[in-house]
Amino acid sequence: MKLTYDSAAKALGISRATYARYIAGSSIPFHIGLACAAIANGLAPWSEGK
């Protein structure tokens, strides 16, 4: 899955700057890591999965 910084940040509900810090090596909070894993595995957003 190819995402731009902007689209990845939007999908995670964070700012582009925060996303860039994570890519640069800042610690990623557990809930963001889970969201990344869900996106990478093609899981639908919670509101769409109900």
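Chains are numbered independently. Their residues run from 1 in the order of the written sequence. Local features in this predicted model are restricted to residues whose pLDDT is 70 or higher, and side-chain atom pairs enter the listing and the counts only when it is 80 or higher, whereas totals over whole chains, interfaces and linings include all residues. Excluding hydrogens and water, the side-chain values take into account all heavy atoms of the structure.

1. Here we look at the overall build of the protein
What counts as a helix is a DSSP run of H or I of at least four residues, what counts as a strand is a run of E of at least two, and both are numbered from the N terminus. A tally of helices and strands in the protein yields four helices and zero strands. Listing each helix as α and each strand as β along the protein from the N terminus yields α-α-α-α. Dimensions of the protein along its principal axes, counting C-alpha atoms only, are 35 × 20 × 15 Å. We call a residue buried when its accessible area falls under 20% of the maximum for its residue type, exposed when it is over 50%, and partly exposed in between, using a 1.4 Å probe and counting protein chains only. Relative to its 50 residues, the protein shows a buried fraction of 14%. All accessible areas in this document rest on Shrake-Rupley with a 1.4 Å probe, and a residue is counted as covered only by the protein chains that are shown. Accessible surface, the protein as shown: approximately 4,000 Å² in total, 60% of it carbon and sulfur.

2. Brief notes about the side chain of T18
Along the polypeptide, T18 turns up in helix 2 (residues 16–24). Definition of a polar contact: a pair of N or O atoms within 3.5 Å, with one able to donate and the other able to accept a hydrogen when the atoms are protein atoms, and with sequence-neighbouring residues admitted only if both atoms are side-chain atoms. In this structure the side chain of T18 is engaged in a polar contact, spanning 3.0 Å, whose partner is the side chain of R21.

3. Regarding the pattern of salt bridges
Side chains that carry opposite charge are capable of pairing whenever their charged atoms lie near each other. When a carboxyl oxygen of Asp or Glu is within 4 Å of a side-chain nitrogen of Lys or Arg, the pair counts as a salt bridge. Enumeration over the complete set of coordinates arrives at one salt bridge. Salt-bridge contacts for D6 lead to R16; the nearest nitrogen and oxygen are separated by 3.1 Å. Of this pair, D6 sits in helix 1 (residues 5–12) while R16 sits in helix 2, placing them 10 residues apart in sequence. Among the residues examined, D6 registers a relative accessible area of 49% and is labelled partly exposed.

4. Side note on helix 2
For helix 2, the complete set of buried residues consists of T18, Y19 and Y22. Seen end-on, helix 2 carries its buried residues on one side only, within an arc spanning 100 degrees. Whether two residues are in contact is decided by their heavy atoms: any pair within 4.5 Å suffices. Looking at the packing, one finds that the buried side of helix 2 touches helix 1 and helix 3 (30–40). Within this analysis, the arc is defined by the directions that extend from the helix axis to the C-beta atoms.

5. Points about the nonpolar core
Among buried residues, the Ala, Val, Leu, Ile, Met, Phe, Trp, Tyr and Cys ones that are joined through side-chain atoms within 4.5 Å form a nonpolar core. A8, A9, L12, Y19, Y22 and I32 form the largest nonpolar core, which has six residues in total. Within the residue set of this core, elements represented by two or more residues are helix 1 and helix 2. Residues within four places of Y19 in sequence aside, it is in contact with Y5, A8, A9, L12 and I14.

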